[in-house]
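Report on the structure
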Amino acid sequence: MKNILKIIALSVLFASCKSSKSAFVKGADVGWLPQMEATGYKFYDQDGTEKECLQLLKDRGMNSVRLRVWVNPNDDKASGHCSKEETVAMALRAQKMGMRVMINFHYSDSWADPAKQNKPAAWKNHSFPELLNDVYNHTFEVISALKNAGVTPEWVQVGNEIPGGMMWPEGSTDNWNQLGQLLNKGYDAVKAVDKNIKVIVHVDEGNNNAKFRTFFDNATAQKVKYDIIGLSYYPYWIKKDYTETIADLEFNLNDMVKRYNKDVMIVEVGGEDDKIQNTYELLKATIEAVKKVPNNRGLGVMYWEPQGARSWSHYALSAWLENGQPSPALDAFKEN
């Protein structure tokens, strides 16, 4: 009887793990959170009671976090931190709350995005063969540290918003042969730690099909290895309302799956914090667009720094109110 009960218990545990892994991803990039707390920022629920931030996000239907990693960051509260050690601590904290974890490598000491892809200072004078080793070793070291601490991330992003490549100039799209090698070194390092971790390659402006075809056609030609296409979607930055671009996003999501046979995920989205209803509708439409991708190949949606209140970050696209409470816009994750 005891053995039968044990088998039943293990079966239930396995089933719940399996279902949580296949559940639609609703998440948040929360890289600023440790520094918000360290500088005294307080988070409150709608009834005014102080509450732990990840719990507030979880209460709004979120089940995953995304954490960026910088190589040798400074101590600036908003543009520093996110070291290997801080990332491990944050990943452990999220996992203990039952949340799934994505790790996002910038391969820089601070922000890497379409406008800038600066190599870490320590790698500045390295030859290209040395840079290949740098990418492999840094990736392997961080993912190994996470695994040794008891957290195996479900997804790892190799590069952040890289339509023009990463680690310029060597890894620019002006030199696709080298960019392809750098991306494959990141992939190989992740899979060397755990072959089940899914690797994401991430491009911005998810409604721009031409940009994505150009990038991923080149990636295919260079035999770049990856599992998931990650997209950003910010109508704000292209000065259009989501209603003008959501059909293009939907088309692009479906085209990426058909053209490259890859799953897709919105790894960054955001709307204006002072346009609550519009941001709610943007999120609802984005979640619906991803869910509509056939055969469950649209994996999920992550909001970038929803808790990063403007009063602390000076960032206009958080989803947090001036009183320290979550914006009702985030209810879109719970309700859709």
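Our subject is the structure listed above.
Residues numbered from 1 in each chain as written. Predicted model: local features only at pLDDT ≥ 70, side-chain atom pairs only at ≥ 80, totals over all residues. Heavy atoms only, no water.

A few words now on the pairing of strand S1 (residues 25-29). Across the five residues that make up S1, a large majority, five, are buried. Pairing analysis gives five bridges linking S1 to strand S8 (residues 298-304), with the strands arranged parallel. Note on S8: the bridge partner recorded for Ala 28 is Tyr 303. Relative to strand S2 (residues 64-69), S1 runs parallel, the two sharing three bridges. Each bridged residue has a counterpart across the sheet, and for Asp 29 the counterpart in S2 is Arg 66. (Buried < 20%, exposed > 50% of the residue type's maximum accessible area, 1.4 Å probe, protein only. Helix = DSSP H or I, 4+ residues; strand = E, 2+ residues; numbered from the N terminus. Pairing = 2+ DSSP bridges.)

This brings us to the sheet that holds strand S7 (residues 263-269). Reading around the barrel, the eight strands line up as S1-S2-S3-S4-S5-S6-S7-S8 and close back on themselves, with parallel pairing between neighbours. Each strand axis lies, on average, 25 degrees off the axis of its neighbour in the sheet, ignoring direction. Its contacts with the sheet place helix H5 (residues 128-149) against S2, strand S3 (100-105) and strand S4 (155-158), and it is angled at close to 160 degrees to S3. Contacting strand S6 (228-233) and S7, helix H8 (residues 242-260) runs over the sheet at an angle of about 170 degrees to S6. (Axes fitted to C-alpha atoms, helices over the stretch in contact; angles between N-to-C directions. Contact = heavy atoms within 4.5 Å.)

In this section: the environment of Gly 206. Topologically, Gly 206 is positioned in the loop between strand S5 (198-203) and helix H7 (209-221). On the basis of relative accessibility, which here comes to 0%, the residue Gly 206 falls in the buried class. Between the C-alpha atom of Gly 206 and that of Ile 238, which follows or precedes it by 32 residues, the distance is 11 Å. Setting aside residues no more than four positions away along its own chain, Gly 206 makes contact with Phe 212, Leu 231, Ser 232, Leu 249 and Asn 252.

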